[in-house]
Amino acid sequence: LFNSVYPFYPQQSKAFVFNVATIIVIVVFLTFACTFLLIIPGIRGRARLYWTLRVLLSLFMGVVIVTVQFTGDWETGWVTANTSYKSFSHALVNADIGLHIGLAGVNVTLRGNPVNQVNETIDYNEYFSWSFDANYDHSYSEGLERGLPSPILYVAEKFTTQSPCDVHRQYRISGHYASATLWVAFCTWLISNMLFSMPVLVYGGYMLLVTGAFMIFSLLSFFSVRNTLVCPIQFGTTILHTNYGGSFWLTLAIGLLCFTAGIAVVALHYFNLELLKTFFDLHDNKVEEHQEMTEVYVNPHVMNKGL
């Protein structure tokens, strides 16, 4: 042993916290936000407040649209149960079993109560991907070869292609289409920002409505899994129930926010265009473009020389 660890054998995956891709996306958008905050003192007057509100709100929409692609809590469930720990062993452990379903795969978490039981540290997290470039059954077979704890293998087996539950295809297809519609929503979000930077504000509002619509379509795609027959995940007399997680509700909230912002922009365009131009800092520029020159200074020396 080296510091109580076998140095030549792979260790179990630690408990699920954050996805690395999620952290990268958040850091990128935070960099954009910090860069904007550095230049915001150069904007004068009330326009500074309007710019801050618009940019930070738009960045928040964008980071949510991209981040939920990589999160694993679209559907989650936890249960505490006394269960067998390893195959061919009668030892029982008390543990929390967690199921975290994302668009591209499933995380199964096992944490003992207490963590140290049967002379082992029970703190596992295993990820099984069902994306189109991954083989879920192969990942499950590798887990069998590594001798993962029985609760993790039992939960993961429910999502295999050979399982009688037959939920693998539904989750895989619904997750694929939900991810695709979210990427379309991200593209329409980019287009809306470009339109808001030009004097065509009403079209930016329309694109925000389209962005919200595609986000709702992604939720409907994931919601379609609920129409399938529920396969119970049972540990003794305890059943693991899943509910929609934080990513699902956050996507719904941002979709409704896009609808609200888009409707507000379109309504102001037809009922109070001056207020809309002021909010987007376009009113003053328009006035300056049409302002006539009232005084002209002519140098008499140049005029005489020209004549």
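Up top is the structure.
A few points on the structure. Keep in mind it's a predicted model, so treat the numbers as computed, not measured. (Residues numbered from 1 in each chain as written. Predicted model: local features only at pLDDT ≥ 70, side-chain atom pairs only at ≥ 80, totals over all residues. Heavy atoms only, no water.)

## Observations concerning the sheet that holds strand 4 (residues 120–129)
Here's step 1: Ordered by their spatial adjacency, 5 strands build an open sheet running 4-3-2-1-7, and the pairing between neighbours is antiparallel. Only two strands of the sheet have a single neighbouring strand rather than two, namely strand 4 and strand 7 (243–244).
Here's step 2: Relative to strand 2 (residues 92–101), strand 1 (residues 75–84) is paired through 10 bridges, and the arrangement is antiparallel. Of the residues in strand 2, the one forming a bridge with Gly77 is Leu99.
Here's step 3: Sheet strands touched by helix 3 (residues 136–146): strand 3 (105–117) and strand 4. Its angle to strand 4, the strand with the most contacts, is close to 160°. (Pairing = 2+ DSSP bridges. Helix = DSSP H or I, 4+ residues; strand = E, 2+ residues; numbered from the N terminus. Contact = heavy atoms within 4.5 Å. Axes fitted to C-alpha atoms, helices over the stretch in contact; angles between N-to-C directions.)

## Observations concerning the environment of Trp249
Here's step 1: Tracing the chain through its elements places Trp249 in helix 7 (residues 246–271).
Here's step 2: Separated by 30 residues in sequence, Trp249 and Leu219 place their C-alpha atoms 9.2 Å apart.

## Let's talk about the side chain of Thr188
Here's step 1: Following the sequence through the fold, Thr188 ends up in helix 5 (residues 168–196).
Here's step 2: Judged by its relative accessible area of 7%, Thr188 falls in the buried class.
Here's step 3: Within the local environment of Thr188, its side chain forms a polar contact with the backbone oxygen of Ala185, the two atoms lying 2.8 Å apart.
Here's step 4: The residues touching Thr188, leaving out its near neighbours within four places in the chain, are Met207, Val210 and Thr211. (Buried < 20%, exposed > 50% of the residue type's maximum accessible area, 1.4 Å probe, protein only. Polar contact = N/O pair within 3.5 Å; in protein donor to acceptor, adjacent residues only side chain to side chain.)

## Notes on the pattern of salt bridges
Here's step 1: Applying the stated rule across the entire model yields 1 salt bridge.
Here's step 2: Arg146 is the partner of Glu126 in a salt bridge, and the nearest nitrogen-oxygen pair spans 3.1 Å. Separated by 20 residues along the polypeptide, Glu126 in strand 4 and Arg146 in helix 3 bring together distant segments of the chain. (Salt bridge = Lys/Arg side-chain N within 4 Å of Asp/Glu carboxyl O.)

## Details of unusual backbone geometry
With the exception of glycine, the majority of residues adopt a negative phi angle, and the majority of peptide bonds are in the trans configuration.
Here's step 1: Cis peptide bonds are those with omega within 30 degrees of zero, and the linkage from Asn113 to Pro114 qualifies with 0°.
Here's step 2: Summarising the element assignment, Pro114 is placed in strand 3.
Here's step 3: Positive phi is not limited to glycine here, since Val118 has a value of about 45°.
Here's step 4: The residue Val118 is located in the loop between strand 3 and strand 4 in this model.
Here's step 5: Residue classification places Val118 among the partly exposed positions, given a relative accessible area of 39%.
Here's step 6: Its identity as a non-glycine residue notwithstanding, Asn119 has a phi of 60°, on the positive side.
Here's step 7: Inspection of the secondary structure puts Asn119 in the loop between strand 3 and strand 4.
Here's step 8: Look at Asn119 and you get exposed, because its relative accessible area is 84%.

## Things to note about the pairing of strand 4
Consecutive side chains of a regular strand alternate in pointing toward one face of the sheet and then the other.
Here's step 1: Taking burial as the measure, the 10 residues of strand 4 include 7 buried ones, the bulk of the element.
Here's step 2: Where strand 3 lies against strand 4, 9 bridges are found, and the strand directions are antiparallel. Within strand 4, the position partnered with Gln117 by the bridge is Glu120.
Here's step 3: The loop that links strand 3 with its antiparallel partner strand 4 comprises 2 residues; one of these, Val118, has a positive phi angle of about 45°.

## What to know about the nonpolar core
Here's step 1: Grouped together as the largest cluster of nonpolar side chains are 67 residues, with contacts concentrated most on Leu99 and Phe159.
Here's step 2: Sorting elements by how many residues they give to this core places helix 2 (residues 47–67) first, with 8 residues. (Core = buried A, V, L, I, M, F, W, Y, C linked by side-chain atoms within 4.5 Å.)

## Remarks on helix 3
Here's step 1: Along helix 3, the positions that sit buried rather than exposed are Tyr136, Tyr140 and Gly143. Along the long axis of helix 3, the arc covered by the buried residues comes to 55°, so they all point the same way.
Here's step 2: Buried residues belonging to helix 3 abut strand 3, strand 4, helix 4 (150–157) and helix 5.
Here's step 3: You can read the cap of helix 3 off the contacts: a side-chain oxygen lies 3.2 Å from the backbone nitrogen of Asp137, and it is on Asn135.
Here's step 4: Following helix 3 by one or two positions, Gly147 has its phi on the positive side, about 70°. (Arc of directions from axis to C-beta.)

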